Amino acid sequence: MCIRDSSNMVCKVSAFGVDHTFEAQSRPGFFSGVATVVTKLFNVVKPSVAIFGQKDAVQLHLIRKLVRDLNFDIQIIGGDIIREPNGLAMSSRNNYLTTEDRERAAIIYKALQWAEQLFIRGERKAETLIKEIQMKLQGESHISKIDYIMIDDYETFKPVDAVLPSNSVLIISLAVVFLEQGLLII
């Protein structure tokens, strides 16, 4: 089902509507690959229900749109984020981290919790919340790069200026690069 070499493929599913996200810009072509593989999987398996994790919010959003746009008769359920004891969201990508980096990656969840506390205390500027997360992460020597930190509207995946009760559902997304192990997307 996986596409190792797409150069010989004549037909692919294009993923429009998420290509403006930082995650898509960080990994060009990734979401079209996801859309193609998931479409092939749905055509072979013909499920009535499929569960995809909320941790990969852009991917979940894309799959919901794919099911709607291509008229698949499938109920898509967003599975809860399950965390390791240190707070790191469980993901197959965590296998690329060393044991030490898995423990160190807990700072990501702590930075998100810090932003949540600031919000509870009344901070509403998205820019301020992003800067606070960035400051928490920049002090970590094992993080070689912060690829992006965004607070987006979940329906449009466009950045918001303020986190207000009138906003629809918002999502904080970020990606960091660990020194030796590669990209970790939260």
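Everything that follows concerns the structure shown earlier in this document.
Source: prediction; values computed, not measured.

### Some remarks on the layout of surface pockets
Thinking step 1. The volume enclosed by the second largest pocket comes to roughly 230 Å³.
Thinking step 2. What lines the second largest pocket is a set of 15 residues, and nearest its centre among them are Phe16, Leu62, Lys65, Leu66 and Asp69.
Thinking step 3. Classifying every residue of the lining of the second largest pocket by side-chain character gives seven nonpolar, four polar and four charged.

### Regarding the nonpolar core
One broad rule of soluble globular proteins: the nonpolar side chains tend to lie buried together.
Thinking step 1. Grouped together as the largest cluster of nonpolar side chains are 23 residues, with contacts concentrated most on Phe42, Phe52, Val67 and Ile76.
Thinking step 2. For this core, the leading source of residues is helix α3 (residues 57-69), giving seven residues.
Thinking step 3. Aside from chain neighbours lying at most four places away, what touches isoleucine 76 is Phe42, Ala50, Phe52, Leu60, Ile63, Arg64 and Val67.
Thinking step 4. Membership of the second largest hydrophobic core comes to 22 residues, among which are Ile143, Ile151, Val163 and Phe178.

### A closer look at the packing of aromatic side chains
Thinking step 1. Following the criterion strictly, the structure yields four aromatic pairs and no others.
Thinking step 2. Arranged with centres 5.1 Å apart and planes meeting at 75°, the rings of phenylalanine 30 and phenylalanine 31 form a pair that is edge-to-face.
Thinking step 3. Residue classification places phenylalanine 31 among the buried positions, given a relative accessible area of 3%.
Thinking step 4. Between the aromatic rings of phenylalanine 42 and phenylalanine 52, the centroid separation amounts to 6.4 Å while the plane-to-plane angle is 75°, which identifies the pairing as edge-to-face. Taken together, the residues phenylalanine 42 in helix α2 (residues 30-45) and phenylalanine 52 in strand β1 (residues 49-53) connect sequence positions ten residues apart.

Parameters at a glance
- Residues numbered from 1 in each chain as written.
- Predicted model: local features only at pLDDT ≥ 70, side-chain atom pairs only at ≥ 80, totals over all residues.
- Heavy atoms only, no water.
- 1 Å grid on protein atoms, 1.4 Å probe; cavity = no way out; pocket = protein on both sides within 12 Å on 5 of 7 lines; lining within 4 Å.
- Points joined across faces, edges and corners; volume = space filled by probe spheres on them.
- Nonpolar A, V, L, I, M, F, W, Y, C, P; charged D, E, K, R; others polar.
- Core = buried A, V, L, I, M, F, W, Y, C linked by side-chain atoms within 4.5 Å.
- Buried < 20%, exposed > 50% of the residue type's maximum accessible area, 1.4 Å probe, protein only.
- Helix = DSSP H or I, 4+ residues; strand = E, 2+ residues; numbered from the N terminus.
- Contact = heavy atoms within 4.5 Å.
- Phe/Tyr/Trp six-rings, centres within 6.5 Å; stacked < 30°, edge-to-face > 60°.

All quantities given are derived from atomic positions and should not be read as evidence of function.
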